[in-house]
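Notes for the structure review
Chain residues, written in single-letter form:
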Amino acid sequence: MKETIVFLTGAGISAESGLQTFRDAGGLWHGHRVEDVASPEAWEKDPSMVLAFYDARRRAVRDARPNVAHEAIAALEERCEVIVVTQNIDDLHERAGSRNVLHVHGEILKARSTVDPSLVYRLAKATIDMGDLCEKGSQLRPDVVFFGEGVYALAEARKAMRNARRVVVVGTSLTVFPVAGLVKEAPFDAERYVISPDSHQQVPDGYMFLQGKASDEVPRLLRDWP
Ligand code: APR
């Protein structure tokens, strides 16, 4: 039976593809207040501002390309059972070739009904506009998880972590729960790594810290696997 390797990724793995992170210098939360663009209250107060925020990020995603870290993770699927649990709403893992991706914070290239969350649509255009309605006649919103909302696929992500022989955490500050808490679900005898260039990176007990950029450290770590 192939061993299972789980990658828990965050905005940092897409940084070298040109997409902003959130909490680094110049990150998204330095230019916007979460309360204004990524909360249910923001959507109620000014949906156009929320739509514009995600339209701009969607344009950046479409202009971005997967980097060698995304590609190394995808290539590993030829040799191992790989599950990517990502907080990222971009599709760079999929475009690199990963086939088993859990988007626990949603996907920016999809839209969701505001009256029936089970109605999700792959976007055929670059923007979601006021007046774009679901089949039940309600306004569409980005299919992303706002602060304060429940995350997607959490039970599936937990199960993946519990069955992992190796866990690699890449490009996340591990500050947003419940996803950050997944690191504790890994078996004590699993090989566990955290990759980030930040010397102040939070490293959970039992994890080995590999300081460096994803495009350097991920290919280097995976080169000799399994
Ligand atoms: N390679 C690897 N890691 C990097 C790189 C890089 N080139 N550049 C930055 N990083 C690291 C930073 O050191 C930091 O640890 O990526 C992490 C980015 O952290 P955040 O900006 O907090 O992003 P993330 O952890 O994904 O945020 C989690 O918060 O705002 C919400 O929903 C949003 O999914 C997001 C969640």
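Residues numbered from 1 in each chain as written. Predicted model: local features only at pLDDT ≥ 70, side-chain atom pairs only at ≥ 80, totals over all residues. Heavy atoms only, no water.

1. Structural notes on the sheet that holds strand β6 (residues 140–144)
Note the threshold: Only when DSSP finds a minimum of two bridges between them are two strands counted as paired. Helix numbering and strand numbering both begin at the N terminus, where a helix is a DSSP run of H or I of at least 4 residues and a strand a DSSP run of E of at least 2. Note on definitions: angles span 0 to 180 degrees between N-to-C directions of axes, and those axes are lines fitted to C-alpha atoms, for helices only across the stretch in contact.
Strand order across the open sheet formed by three strands is β5-β4-β6, with antiparallel pairing between neighbours. Strands at the two margins of the open sheet, each flanked by one partner only, are β5 (120–122) and β6. With strand direction ignored, the average angle separating the axes of adjacent strands in the sheet is 45°. Bridging between strand β4 (residues 106–113) and β5 involves three bridges; their strand directions are antiparallel. By the bridge assignment for β5, Lys 110 is matched with Arg 122.

2. Here's the deal with the domain arrangement of the chain
Threshold: Note that the domain bounds reflect an automated or database-derived domain assignment. Note on contacts: a residue pair is in contact if any heavy atoms of the two residues lie within 4.5 Å. What counts as buried area is the accessible surface, traced by a 1.4 Å probe, that two parts surrender upon association, with contributions from both included. The salt bridge definition used is simple: a Lys or Arg side-chain nitrogen within 4 Å of an Asp or Glu carboxyl oxygen. Under the rule applied, a polar contact is a pair of N or O atoms within 3.5 Å (in protein, one hydrogen donor and one hydrogen acceptor; residues adjacent in sequence only if both atoms are side-chain atoms). Charged residues are taken to be Asp, Glu, Lys and Arg, nonpolar residues to be Ala, Val, Leu, Ile, Met, Phe, Trp, Tyr, Cys and Pro, and polar residues to be all remaining types, Gly included.
Segmentation of the chain into domains returns domain 1 (1–19 + 66–105 + 151–226) and domain 2 (22–63 + 110–144). Computed from C-alpha atoms alone, the centre-to-centre distance between domain 1 and domain 2 is 25 Å. In this assembly, 11 residues from domain 1 lie in contact with 10 residues from domain 2. When the area that domain 1 buries against domain 2 is broken down by residue, the three leading residues are Leu 19, Ile 89 and Tyr 152, summing to 49%. Applying the counting rule to domain 1 against domain 2 returns zero salt bridges. Linking domain 1 with domain 2 are three residue pairs in polar contact (both at pLDDT 80 or more), by the criterion used here. The class makeup of the residues in the side of domain 1 that touches domain 2 is five nonpolar, three polar and three charged.

3. Side note on the sheet that holds strand β7 (residues 166–170)
Strand order in the open sheet formed by six strands is β3-β2-β1-β7-β8-β9, with parallel pairing between adjacent strands. Whereas interior strands pair on both sides, the edge strands pair on one side only; in this sheet they are β3 (101–103) and β9 (208–211). For this sheet, the mean inter-axis angle between neighbouring strands, taken without regard to orientation, is 20°. Sheet topology places β7 next to strand β8 (residues 191–196); five bridges connect them, and they run parallel. The residue of β8 that forms the bridge with Val 168 is Tyr 193.

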